[in-house]
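So the chains spell out like this:
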Amino acid sequence: MKTFAAFSAAAVLALGAAAPALAQHHGSEAQAGHGHHHADFESGRFHVRVDGPAEPVGDVILIPGLASSPEVWDGLTEELKGRYRVHRLHVQGFAGAEPEDNAEGPVAAPVAEDIARYITEQGLEKPALIGHSMGGTIAMMVAARHPDSVGKLMVVDMVPFIGAMFAAPGTNPTAESLAPTAEAIYASQTTGPEDAYRQRMATTVTGMIRTEAARAGPLEDAATSDRQVAASAYRELILTDLRPELAAITAPTRVLYVAFEMPGMTPAMTDGIYNASFATLPGASLKRIDDSAHFIMLDQPAAFAAEVNAFLE
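(A) Focus on the overall build of the chain. Scanning the chain from N- to C-terminus turns up 12 helices and eight strands. In the chain, which comprises 313 residues, the share counted as buried stands at 55%. Counting only contacts in the chain whose residues sit at least 6 apart along the sequence, the fraction spanning at least 24 positions is 79%. Of the roughly 12,500 Å² of accessible surface on the chain, 54% is carried by carbon and sulfur atoms.

Here it is in structure tokens:
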């Protein structure tokens, strides 16, 4: 478990330094240049880019991971937008967006609640939710806490309780027992020289993407993410155990994940960890995607798109 703990810290964590906001793309010129429009939705937690036909076959909400931008979904959006209306979230405080309501306190749980509100206010009929990393945690929160709102759920390379990976082997960790660990990690991420912090994050992101040509965007996302927001979100993830809530999920669920590339770890061991992690959601189907690091959609775009298409249809 200690080996997996090291992986989790690297795989989920992509923190960056504060930078000028890029969130206010609401002018017509910016929208036309991007080929999408922004949803008419008031939230201090995220804003939404929408692509797709006037009469879609359904709606798909794409939730990026910690310190990631909507651009990580560009390839999948191109694949889907001819048939589906695609809603790409940009979480405030990540990838250049102003922190707004995410400047203090939890991030994932409030974002999940606003996604549920977004579904209701936009009149979406049981959309599919696809979340990567922290986005997977948020998607699970929505599906478990608002089961009637979600049609399908796909979780990409995330377990329901990463905190367990920071506990000593043979123990039964809880949010309370992990609080000191979470606070120590939070302190390490919010203090210290900015340059050293930026370098750590660049190294982390580089290790999460095998395909060198695909790294530039996520590296920029991490470098322009708000340090405080990202650290707060990561602390929240460590202390969030969704395993007791998974049974409330009624949407068909698919989990895609990658093998841990750590000494002593085998693909079969990875399979065992994921199967155990989702044991409280017996209806979930799980699949390991080989030859990929954490950003499956970037390392294996064709295989990922095929999985998504098959799941949606």
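There's more to say after this.
(B) Layout of the packing of aromatic side chains. Counted under the stated rule, the structure contains seven aromatic pairs. Centroid distance Tyr257 to Tyr274: 4.2 Å. Interplanar angle 10°. Geometry classified as stacked. With a gap of 17 residues between them, Tyr257 in strand 7 (residues 253-257) and Tyr274 in helix 10 (residues 267-277) connect regions that are remote in the sequence. Each ring, one from Phe260 and one from Tyr274, has its centre 6.3 Å from the other, and the planes form 35°; the classification is tilted.

(C) Quick look at the packing of helix 6 (residues 175-190) against helix 9 (residues 227-238). Between helix 6 and helix 9, the least distance of the axes is 9 Å, while the angle of their chain directions is 165°. Between helix 6 and helix 9, the interaxial angle falls into the category roughly antiparallel. Crossing of helix 6 over helix 9 shows right-handed handedness. When helix 6 is examined against helix 9, the residues Leu178, Ala182, Glu183, Ile185, Tyr186, Gln189 and Thr190 are found in contact with a partner set consisting of Arg227, Gln228, Ala231, Ser232, Tyr234, Arg235 and Ile238. Tallied by class, residues from the contact of helix 6 with helix 9 come to seven nonpolar, four polar and three charged.

(D) Fine view of the sheet that holds strand 7. Here we have eight strands laid out as an open sheet, ordered 1-2-4-3-5-6-7-8, and mixed in their pairing. Each having just a single partner strand, strand 1 (37-38) and strand 8 (285-288) make up the two edges of the open sheet. As judged from the six bridges shared by strand 2 (residues 46-51) and strand 4 (residues 84-91), these two strands associate in the antiparallel manner. Of the residues in strand 4, the one forming a bridge with Val48 is Leu89. The sheet contacts of helix 12 (residues 301-312) involve strand 3 (58-63), strand 4, strand 5 (128-132), strand 6 (152-156), strand 7 and strand 8, and relative to strand 6 the element is tilted by about 160°.

(E) Region of interest: unusual backbone geometry. A positive phi angle, close to 55°, is found at Asp157, a residue other than glycine. In this fold, Asp157 is placed in the loop between strand 6 and helix 6. Positive phi values are uncommon outside glycine, yet Asp291 reaches one of about 55°. With a relative accessible area of 53%, Asp291 lands in the exposed category.

(F) Up close: the pattern of salt bridges. Throughout the structure, instances matching the rule amount to 18 salt bridges. The salt bridge involving Arg254 is made with Glu307; its shortest N-O contact spans 3.0 Å. Residue Arg254 is found in strand 7, and its partner Glu307 is found in helix 12; the two are separated by 53 residues along the sequence. Of the charged contacts, one joins Asp290 and Arg288 as a salt bridge, the two residues approaching to 2.7 Å between their closest N and O atoms. Overall, Arg288 belongs to the partly exposed group, its relative accessible area being 24%. Here the salt bridges share partners, and the residues they tie into one network are Asp51, Asp74 and Arg88.

(G) Summary view of the confidence of the model for the chain. Looking at the chain, the pLDDT average stands at 89 and 89% of residues meet or exceed 70. Below pLDDT 50 for its whole length, residues 1-33 participates in 98 contacts with residues either more than four positions away or in separate chains.

Cut-offs and rules
- Residues numbered from 1 in each chain as written.
- Predicted model: local features only at pLDDT ≥ 70, side-chain atom pairs only at ≥ 80, totals over all residues.
- Heavy atoms only, no water.
- Helix = DSSP H or I, 4+ residues; strand = E, 2+ residues; numbered from the N terminus.
- Buried < 20%, exposed > 50% of the residue type's maximum accessible area, 1.4 Å probe, protein only.
- Contact = heavy atoms within 4.5 Å.
- Areas by Shrake-Rupley, 256 points an atom, 1.4 Å probe, with all protein chains shown as cover.
- Phe/Tyr/Trp six-rings, centres within 6.5 Å; stacked < 30°, edge-to-face > 60°.
- Axes fitted to C-alpha atoms, helices over the stretch in contact; angles between N-to-C directions.
- Parallel < 35°, antiparallel > 145°, perpendicular 65-115°, else oblique.
- Left-handed = near helix turned anticlockwise from the far one by under 90°.
- Nonpolar A, V, L, I, M, F, W, Y, C, P; charged D, E, K, R; others polar.
- Pairing = 2+ DSSP bridges.
- Salt bridge = Lys/Arg side-chain N within 4 Å of Asp/Glu carboxyl O.
- pLDDT = per-residue confidence, 0-100.

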